[in-house]
Structures are given as structure tokens and as C-alpha cells.
Amino acid sequence: MSYSPLTTYKAFTNHMSLGRGGKKVIKIAIHHMAGNLSVVQCGNVFKNNQVSAHYGVNGKQIGCYVDESNTAWALGVFDKNQRSINIECANDGGASTNWHVSDTTIETTINLVVDIAYRLGWTYIAYDGTYSGSDIICHKWVASTACPGPYLASKMRYIATEADKRLKAKRGSKPTPTPAPAKK
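Counting restarts for each chain, with residues numbered from 1 along the sequence as it is written. pLDDT decides what is reported in this predicted model: residues at 70 or higher carry local features, side-chain atom pairs at 80 or more are listed and counted, and totals for whole chains, interfaces and linings draw on all residues regardless. Heavy atoms throughout the structure, all of them, feed into the side-chain values; hydrogens and water do not.

**Here we look at the overall build of the chain**
Then, number 1: Working definition: helices are DSSP H or I runs of at least four residues, strands are E runs of at least two. Numbering for both runs from the N terminus. Summing up its helical and strand segments, the chain has five helices and eight strands in all.
Then, number 2: Seen in sequence order, the chain has helices and strands lined up from the N terminus as β-β-β-α-β-β-β-α-β-α-β-α-α.
Then, number 3: As a reference, a globule follows 2.2 Å times the number of residues to the power 0.38, and the radius of gyration itself is taken over C-alpha atoms. Computed over the C-alpha atoms, the radius of gyration of the chain is 17 Å, within 12% of the 16 Å expected from 2.2 N^0.38 for a compact globule of 184 residues.
Then, number 4: Considered along the principal axes of its C-alpha atoms, the chain spans approximately 70 × 35 × 30 Å.
Then, number 5: Buried means the residue's accessible area, taken with a 1.4 Å probe over protein chains only, is under 20% of the maximum for its type, while exposed means over 50%, and partly exposed covers the values in between. Sorting the 184 residues of the chain into buried and exposed places 48% on the buried side.
Then, number 6: We call two residues in contact whenever any of their non-hydrogen atoms come within 4.5 Å of each other. Within the chain, contacts between residues at least 6 apart in sequence are counted, and of these 71% link residues at least 24 apart.
Then, number 7: Surface exposure here means Shrake-Rupley accessible area, sampled with a 1.4 Å probe, where a residue is shielded only by the protein chains that are shown. For the chain, the accessible surface area stands at approximately 9,000 Å², while carbon and sulfur atoms represent 53% of it.

The structure is reproduced here in C-alpha cells:
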């Protein structure tokens, strides 16, 4: 099993596909829950419906619902699902607030993105506001949906930029082994 050590709650769903069809994860997709669901409530949605995501974030809590080695049913395009890890973010406001997401949920999401990217061996996180040029993507770039909502969509560049800085710092903090001098 592979999932983030940052996970605080686990409730694996059967609404997913085993494996990734030999495809490599190349994207992390950010979604919004369209509600202020706890990580337990988010997991219940995935147990009772034909949809899923790998993770759900609310405040400092991270729920894991699909092992990263498996394919979540999140983006609406199976090939893109096979190539992505999907994160649902809780809203602390509804449509009238452009589906606002709390700063704490965004911070936790950034930390999760860094952890995922680090474990995937990524050395940077790119973002240019397009599917092809970004490692962190919006659901709406793949399917006809308003997800992740205007507020969270406006934070995507910030999420990617912060995650990239933290990933580079984390990679830099790991000492490079120095070979021992040759004995004469």
C-alpha cells in the first residue's frame, strides 16, 4: 500500500480501479467538495457513489480513500485518472462565496502535494495555467465542470508555487553522499 504518511484518516473505497494500467502518475488534480465535509463524510460519499479521489482535506485533517497505486474515479476521463492523484478540498463557504476554501485547508493541501511529489521523485512542480504545462491541475481542465470552484481555482498558482518551493527545499535538505577519498 502507498499513501501519504500525513494521512490522519483512512477509509478505502471499492469505487476505484486496481492498478494504473502501467501508466505513470504525472499530475496532481485539485478538486473542491462543494460542501464543508469532514474527511469521514467525504469518505462516505466515495463508499456510496460511483466516484472517488485518493485524498480529502478539511483543515488539518487528511483522509485517504484510494491507495496511490490504484486509479481513483475523479476526473471523468479514465486515462487521465490513471495518470493522476486526486485531492478533494473542503469548502468553508458555498456558491455565494465562490466556494471558499479555508487557509488551513489550502496549507494542508500544499503539504500533501509536497509529500506526494517528493515520494514520486519529482524535482519541481510546474504550473502555467494549462493542462499540458502544469503538474498541478484543475478538474475543469479535463471535464465539463466548475470544479474546483472560482476561489480554489484562483489559488492554484499559489498552491503550485508554494509546493514547488517546499519540494525544492526538502530535496535540498537531503545531504548528497560524498565519496570517501581514495586511499593511496
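**Points about helix H1 (residues 39-48)**
Three or four residues apart is the spacing at which side chains of an α-helix point the same way, because the helix has 3.6 residues per turn.
Then, number 1: Turning to H1, its buried residues are Val-39, Cys-42, Gly-43 and Phe-46. Taken end-on, H1 shows its buried residues confined to a sector of 100 degrees, consistent with a single buried face.
Then, number 2: Check the buried side of H1 and you find it contacts strand S1 (9-10), strand S4 (55-58), strand S5 (61-64) and strand S7 (84-89). By definition, the arc is the one covered by directions from the helix axis to the C-beta atoms.

**A look at the packing of aromatic side chains**
Then, number 1: Any two rings among Phe, Tyr and Trp, with Trp reduced to its six-membered ring, count as a pair given centres within 6.5 Å; such a pair is stacked if its planes are under 30 degrees apart, edge-to-face if over 60, and tilted if neither. Counted according to the given criterion, the structure contains three aromatic pairs.
Then, number 2: A ring has a charge above it when a Lys NZ or an Arg CZ is no more than 6 Å from the ring centre and no more than 35 degrees off the ring normal. Across the ring face of Tyr-131, the terminal group of Lys-27 is positioned such that the distance to the ring centre comes to 4.7 Å.
Then, number 3: Above the face of the Tyr-158 ring, Lys-155 is positioned so that its terminal group lies 6.0 Å from the ring centre.

**So, the nonpolar core**
Then, number 1: The biggest cluster of nonpolar side chains holds 31 residues, and the ones touching the most others in it are Ile-30, Tyr-55, Ile-87, Val-113, Ile-125 and Ile-136.
Then, number 2: For this core, the elements supplying multiple residues, two or more each, are strand S3 (27-32), S4, S5, S7, helix H3 (103-120), strand S8 (136-138), helix H4 (149-154) and helix H5 (156-173).
Then, number 3: Among the elements that take part in this core, H3 stands out by supplying eight residues, more than any other.
Then, number 4: The residues contacting Val-113, other than those within four sequence positions of it, are Ile-28, Ile-30, Ile-87, Ile-125, Ile-136 and Ala-163.
Then, number 5: Grouped together as the second largest cluster of nonpolar side chains are eight residues, Met-33, Cys-42, Ala-53 and Tyr-65 included. By nonpolar core we mean a set of buried residues, namely Ala, Val, Leu, Ile, Met, Phe, Trp, Tyr and Cys, connected to one another through side-chain atoms within 4.5 Å.

**Re the side chain of His-31**
Then, number 1: Positionally, His-31 belongs in strand S3.
Then, number 2: By relative accessible area, His-31 is classed as buried at 1%.
Then, number 3: Among the polar contacts made by the side chain of His-31, one reaches the side chain of Asn-86 at a distance of 2.8 Å.
Then, number 4: Polar contacts, as used here, are pairs of N or O atoms within 3.5 Å; protein pairs need one atom able to donate a hydrogen and one able to accept it. Residues neighboring in sequence count only if both atoms are side-chain atoms. Side-chain polar atoms of His-31 contact the side chain of His-139, separated by 3.2 Å.
Then, number 5: Every residue in contact with His-31, bar those within four places of it in the chain, is listed here: Ala-74, Leu-75, Asn-86, Ile-87, Glu-88, Cys-89, His-139, Cys-147, Pro-148 and Leu-152.

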